Amino acid sequence: MQVIGNFINGKRVASESSRKAPVFNPATGEQTKLVTLATVSETEAAIGVAQTAFETWSKVTPLNRSRIMFRFKALMEQNIDLLAEMITLEHGKVLSDAKGELTRGIEVVEFSCGIPHLLKGEHSLNVGRGVDSFSLMQPLGVCAGISPFNFPVMVPMWMFPIALACGNTFIMKPSEKDPSVIMRVAELLKEAGLPDGVFNIINGDKESVDVLLSDSRVHAVSFVGSTPIAEYIYATGSKHGKRVQALGGAKNHMIVMPDAEVDQVTSALMGAAFGSAGERCMAISVAVCVGDGTADLLIAKLKQEISEMRVGPGSGFIEEPHMGPLVSKVHADKVLSYIDSGIEDGAKLLVDGRDFKVVDHEQGYFVGPTLFDRVKPGMRIYNEEIFGPVLCVVRVKSYNDAVTLINSHEYGNGTSIFTTDGDSARQFCEQIQVGMVGVNIPIPVPMAFHSFGGWKRSVFGPLNMHGNDGVRFYTKMKTVTARWPNGSQTTNTFSMPTME
Ligand code: NAD
């Protein structure tokens, strides 16, 4: 069986670790590979490699770093079919969705190609007579990224293209559930001309993460994953003096106003709730219907659409399914237990995705699309992130009740409103305590040149991923105040210098 090790100093290297994790094909339940879980000393050695590479990489001009990014973008595009297949085989999402993930990742590379412009800094002429001030945006050194299973390429690519373009070196610690594809991406970076040691991958778990969080040679840590781990990463990394951006879990609500166009809402909601089997941090898992009439109409349409959904393996189909399996048996069992808890807590189960089998894939980790009505705060299916194909309908009486409901939830990643009334939409954008807001857009994921991040317990740390925040996160600013006297100084000044 193939064993996946690490990618250090420009090549794949076997790990000496005795600890290994199985990698599965979620559509069949077969174990396909093993991934080694790196040791402390291997992780420390990788940091050493990245630190050495920083000496030369940080001195490469931004224009030349950008040219490598241009070549990397072209290679990613040339290899998109193969990379998508690799994602599907370990994550389970359908191929078109895997390609969509890759495209959103490539967009961050496109943004990074503009790094000479983005690193220009500030300049003020004559802050005092004959005195100029300007800022330098300098790289930090070795940076680390820790990513979740649900976007094995896109989430790492929120991080490393910008970090590298800014002149840092990088250690990626991908999810142990789907580690293959990012190893191939590392080879493409090398093919694009990235010097050895600038980008490295350590496959591992808490043991290697704890090294990245505590080793003084690592200057910044980017994390995306569940909230308890995000909080731990933020607290531990900060305690060791690092910059940390840590994005956590979500419970994304969509308000459906009585004036919304119901066919448009239904189609938006179907993709947002069940696409990628609900394993997206921006998935809509709660539909908040204003008025019983709105809820009844929407539910009737949703039930019809759900009955026509195709669920099956993410690749190898004749007609592409709408949704694939969940990533692992453990995760599928967890989602099933949430469905049980919803029934126990008194929610009304309208479509039951339990006992869902796909012909010839009986061992796959499939859970069918599930719909609950009359869900209320306090129920576990409302309070907690399920991260599966389970859509909850909450009924409220008014727009204000909908806003209060959303603002009271501990998570604040994404949200949206469907309405034909501009005034409601405008108020919503201003009042809602959530980081990414959609108006008649179900999954408002910001583009690469904007920044991605939630509010409340969906994020820890002030700077979000990519866009200007990404550039600020991976650079430290130095401000120079300079005077070039004409002729030699004739008087000594001993009082506090002030600008004139
Ligand atoms: P996870 O938190 O279990 O794992 C994320 C990463 O942390 C992995 O690399 C894992 O190896 C590592 N890790 C796990 N336990 C650890 C520990 N105790 N100490 C140190 N490192 C540890 O998350 P997951 O199940 O892979 O991904 C799903 C979660 O990610 C969901 O909660 C989802 O909402 C979230 N997510 C959030 C965003 C966002 O932008 N906010 C985006 C994608 C996913």
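Residues numbered from 1 in each chain as written. Predicted model: local features only at pLDDT ≥ 70, side-chain atom pairs only at ≥ 80, totals over all residues.

Asker: Outline the UniProt feature "domain: Aldehyde dehydrogenase" (unreviewed entry) in the chain, listing residues and values.
Answerer: As annotated in UniProt, the feature "domain: Aldehyde dehydrogenase" (unreviewed entry) corresponds to residues 15-480 in the numbering used here. Counted over residues 15-480, helix gives 41% and strand 22%. Its end C-alpha atoms are 45 Å apart. (UniProt positions renumbered as here; feature names shortened; annotations may be inferred. Helix = DSSP H or I, 4+ residues; strand = E, 2+ residues; numbered from the N terminus.)

Asker: Could you give an account of the sheet that holds strand β13 (residues 252-256), naming the residues involved and the relevant values?
Answerer: Strand order in the open sheet formed by seven strands is β15-β16-β17-β14-β13-β19-β20, with mixed pairing between adjacent strands. Where the open sheet ends on each side, the last strands, each with one partner, are β15 (348-351) and β20 (436-439). For this sheet, the mean angle separating the axes of adjacent strands, direction not counted, is 20°. Here strand β14 (residues 284-290) runs beside strand β17 (residues 390-396); their pairing, made up of five bridges, is parallel. Among the inter-strand pairings, A287 is bridged to a residue of β17, identified as V393. With respect to the sheet, helix α10 (residues 262-274) is in contact with β13, β14, β17 and β19 (414-418), its orientation differing from that of β14 by roughly 155°. (Pairing = 2+ DSSP bridges. Axes fitted to C-alpha atoms, helices over the stretch in contact; angles between N-to-C directions. Contact = placed C-beta atoms within 7 Å.)

Asker: Please provide a residue-by-residue account of the site of the ligand, values included.
Answerer: What surrounds the ligand is a group of 27 residues, the closest being P148, G225, S226, G249 and C281. Among the residues forming the shell around the ligand, the class breakdown is 12 nonpolar, 10 polar and five charged. Residue contributions to the shell around the ligand reach at least three from each of two domains, namely domain 1 (2-248 + 458-480) and domain 2 (252-439). (Near = placed C-beta within 6 Å. Nonpolar A, V, L, I, M, F, W, Y, C, P; charged D, E, K, R; others polar. Domains from an automatic or database assignment.)

Asker: How would you sum up the packing of helix α3 (residues 80-91) against helix α7 (residues 180-191)? Please name residues and give values.
Answerer: Geometry of a packed helix pair, given as the angle between the helix axes and the separation of the axes. Orientation of α3 relative to α7, taken along the N-to-C sense of each, is 155°, at an axis distance of 8 Å. Relative to α7, the element α3 lies roughly antiparallel. Contact residues: L83, M86, I87 and E90 in α3; S180, V181 and R184 in α7. Residue composition of the contact of α3 with α7, grouped by class: four nonpolar, one polar and two charged. (Parallel < 35°, antiparallel > 145°, perpendicular 65-115°, else oblique.)

Asker: Quick one: what's the story with helix α9 (residues 227-239), residue by residue and with numbers?
Answerer: Under the 1.5 Å per step criterion, the end-to-end length of α9 is 18 Å for 13 residues, consistent within 8% with the ideal 18 Å. Every buried residue of α9 is listed here: T227, A230, I233, Y234 and G237. Take α9 and look down its axis: the buried residues cluster within an arc of 120°, on one side only. Turned more than 90 degrees off the buried face of α9, the exposed positions are P228 and K239. As for α9, its buried residues are in contact with β8 (142-146), α8 (206-214), β11 (218-224), β12 (243-247) and β22 (459-460). (Expected span 1.5 Å × (residues − 1). Buried ≥ 20, exposed ≤ 12 C-beta atoms within 10 Å, placed from the backbone. Arc of directions from axis to C-beta.)

Asker: So what about the sheet that holds strand β7 (residues 131-139)? Which residues, and what values?
Answerer: What the three strands build is an open sheet, ordered β6-β7-β23; its pairing is antiparallel. Each end of this open sheet is capped by a strand with a single partner; those strands are β6 (123-128) and β23 (475-483). On average, adjacent strands in this sheet sit at an angle of 30° to one another, irrespective of strand direction.

Asker: Quick one: what's the story with the pairing of β19, residue by residue and with numbers?
Answerer: Burial analysis of β19 places five of its five residues in the buried class, which makes it a mostly covered element. Both faces of β19 are covered, namely the face carrying G414, S416 and F418 and the face carrying T415 and I417. For β19 and β20, the ladder comprises four bridges, and the chain directions are parallel. Its bridge partner lying in β20, G414 is registered against M436. In terms of handedness, the path from β19 via helix α15 (residues 422-431) over to β20 forms a crossover that is right-handed. (Right-handed = clockwise from strand over helix to strand, strands pointing away.)

Asker: So what about helix α14 (residues 399-408)? Which residues, and what values?
Answerer: Residues of α14 that are buried include every one of Y399, A402, V403 and I406, and no others. The buried residues of α14 occupy an angular sector of 95° when projected down its axis, which confines them to one face. Relative to its buried face, α14 has exposed residues pointing more than 90 degrees away, namely N400, T404 and S408. Elements that come into contact with the buried residues of α14 comprise β13, β14, β17, β19 and α15.

Asker: Quick rundown of the confidence of the model for the chain? Include the residues and the values.
Answerer: Here the chain shows a mean pLDDT of 97. Residues at 70 or above account for 99%. Reported for the predicted complex are a pTM of 0.96 and an ipTM of 0.99. (pLDDT = per-residue confidence, 0-100.)

Asker: Talk me through the nonpolar core; I want residue IDs and the actual numbers.
Answerer: Ranked by size, the top nonpolar core spans 85 residues in total, and within it V153, A163, F170, I171, V221, I233 and Y474 carry the most contacts. Ranked by residue count, the leading element in this core is helix α6 (residues 154-165), at 10 residues. Every residue in contact with Y474, bar those within four places of it in the chain, is listed here: P139, L140, C143, I162, A163, C166, N168 and A220. Grouped together as the second largest cluster of nonpolar side chains are 65 residues, M257, M282, V390 and L391 included. (Core = buried A, V, L, I, M, F, W, Y, C linked by C-beta atoms within 7 Å.)

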